[in-house]
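Notes for the structure review
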Amino acid sequence: MRTQVTQRDQKLLGILAAARWLTTRQVKALCFPQVTMEMARRRLRILASGGFVHSCRTNRMAEALHSLGHNGRSVLVGRGWIEEIRLERKPPKNIEHFLGINDIRVAVERSAQREEIPLNFFFAYWELLHQGWEFRIIPDAACQFVYQGKELTVLFEYDRGEESPGYIIRTKFKPYAEGLDGLPFSRVLMVVETERRRNQLQQYTAKHLSLDSGMFFFITLEDLNGSWNLTSLIS
């Protein structure tokens, strides 16, 4: 039986082309927010059986991961998708970092919809490179939204605690504080794994960054996945 691709399925395929790898939880949040998790899983299984989605697990206990399938690419190309689409069968080695960035994507999309805020774009770092990003520093993600008639650009960094605070200040925060010529941005949001790490980076930034440390916000991944809103970045 041929799988009928719905409009909602097409949205999913487009998101997978951009996000590359998503967990079932992330797919549900972005594409099936009104249905149960089991219904989302069922739809993913149907799309996978038809070659529209590729699904796998890194181990039996891990949550399923999903990328675009060959038939999914054909659907997008047939509907005018012009950007290069790379089919991936194995998750990247840095999949935890990858999924953390896509958690930021989920939080931004969810907040924009909930608060009825126009979202001009959300790009992860791999999308920024395809967009011709030419600045000296590449954030993990960037978004632009409209609030009270003004366009606001926010940059995101996802930290898993693998680098020293000094390294982050030197290679990330100081260049951001000095500005990116030609790219006005409002805030940099650092997403971290634990409260302890958030406190550590906040204190270190306040102590060692003599430039504009007020542009930096810090939040745990758990709080980001909760009721976080884009408007919390507006002062």
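See the structure printed just above.
Conventions adopted
Numbers given for residues are sequential positions, taken from 1 along each chain in its written order. Local features are withheld for residues below a pLDDT of 70 in this predicted model, meaning they are given only at 70 or higher, and side-chain atom pairs are given and counted only at 80 or more; totals for whole chains, interfaces and linings count all residues. To obtain the side-chain values, all non-hydrogen atoms of the structure were included, while hydrogens and water were left out. In this scheme, a residue with accessible area under 20% of its type's maximum is buried, one over 50% is exposed, and one in between is partly exposed, where area comes from a 1.4 Å probe on protein chains only. Secondary structure elements follow DSSP: runs of H or I of four or more residues count as helices, runs of E of two or more count as strands, with numbering from the N terminus. DSSP bridges decide pairing: two strands pair if at least two such bridges lie between them. If you view a crossover with the strands going away from you and the path from the first strand over the helix to the second runs clockwise, you call it right-handed. Each Phe, Tyr or Trp ring, with Trp reduced to its six-membered ring, pairs with another whose centre is within 6.5 Å; inter-plane angles below 30 degrees give stacked pairs, above 60 give edge-to-face pairs, and intermediate values give tilted ones. A fitted line through C-alpha atoms serves as each axis, taken over the contacting stretch for helices, and the angle formed by two N-to-C directions is quoted from 0 to 180°. Whether two residues touch is decided by their heavy atoms; if any such pair falls within 4.5 Å, the residues are in contact. Take the buried residues of types Ala, Val, Leu, Ile, Met, Phe, Trp, Tyr and Cys, join any two whose side-chain atoms come within 4.5 Å, and each joined set is a nonpolar core. When an angle is under 35 degrees it counts as roughly parallel; over 145 it counts as roughly antiparallel; between 65 and 115 it counts as roughly perpendicular; any other value is oblique. Amino acids are sorted into nonpolar (Ala, Val, Leu, Ile, Met, Phe, Trp, Tyr, Cys and Pro), charged (Asp, Glu, Lys and Arg) and polar (every other residue, Gly among them).

With six of six residues buried, strand β7 (residues 187-192) is to be regarded as a mostly interior element. Judged from the six bridges that link them, strand β6 (residues 150-159) and β7 form a sheet pairing that is parallel. In the strand pairing of β7, D159 is matched with V192. At this point the chain moves from β6, through helix α7 (residues 165-178), to the parallel β7, and the crossover so formed is right-handed. The sheet contact formed by β7 and strand β8 (residues 216-220) spans five bridges and is parallel. When the sheet's bridge partners are listed, V191 is paired in β8 with I219.

With that settled, consider the packing of aromatic side chains. Evaluated as defined, the whole model comprises eight aromatic pairs. Each ring, one from F121 and one from F123, has its centre 5.1 Å from the other, and the planes form 15°; the classification is stacked. The class of F121 is partly exposed, set by a relative accessible area of 23%. Relative to W126, the ring of Y125 lies with its centre 5.0 Å away and its plane at 80°, an arrangement referred to as edge-to-face.

The five strands are arranged β4-β5-β6-β7-β8 in an open sheet whose pairing can be described as mixed. At either margin of the open sheet sits one strand with a lone partner, and together these are β4 (119-124) and β8. Each neighbouring strand pair of the sheet contributes to a mean axis angle of 25°, computed without reference to strand direction. As defined by bridge partners, strand β5 (residues 141-147) adjoins β6 across seven bridges and the pair is classed as antiparallel. Bridged to C143 within β6 is V154. Sitting on the sheet, helix α8 (residues 195-208) touches β6, β7 and β8, and the angle it makes with β8 is about 165°.

Moving on to the nonpolar core. F156, L224 and W228 are the most contacted members of the largest nonpolar core, which has 30 residues in total. Secondary-structure elements contributing two or more residues to this core are α5 (95-114), β4, β5, β6, β7 and α9 (221-224). In terms of residues, this core owes the most to one element, α5, which gives eight residues. Sequence-distant contacts of F156, defined by excluding residues within four places in its chain, comprise I104, V108, F122, P139, D140, A141, A142, C143, L189 and W228. Formed by 22 residues, the second largest nonpolar core is a distinct cluster that contains I137, F173, L180 and M190.

What follows concerns the packing of helix α1 (residues 7-19) against helix α4 (residues 70-78). A pair of packed helices can be characterised by two numbers: the angle between their axes and the separation between those axes. Viewed as axis vectors pointing N to C, α1 and α4 meet at an angle of 100°, and their least axial separation amounts to 10 Å. The angle between α1 and α4 places the two elements in the roughly perpendicular class. Seen from α1, the contacting residues are Q10, L13, G14 and A17; seen from α4, they are G72, V75 and L76. Broken down by class, the residue content of the contact of α1 with α4 amounts to four nonpolar, three polar and no charged.

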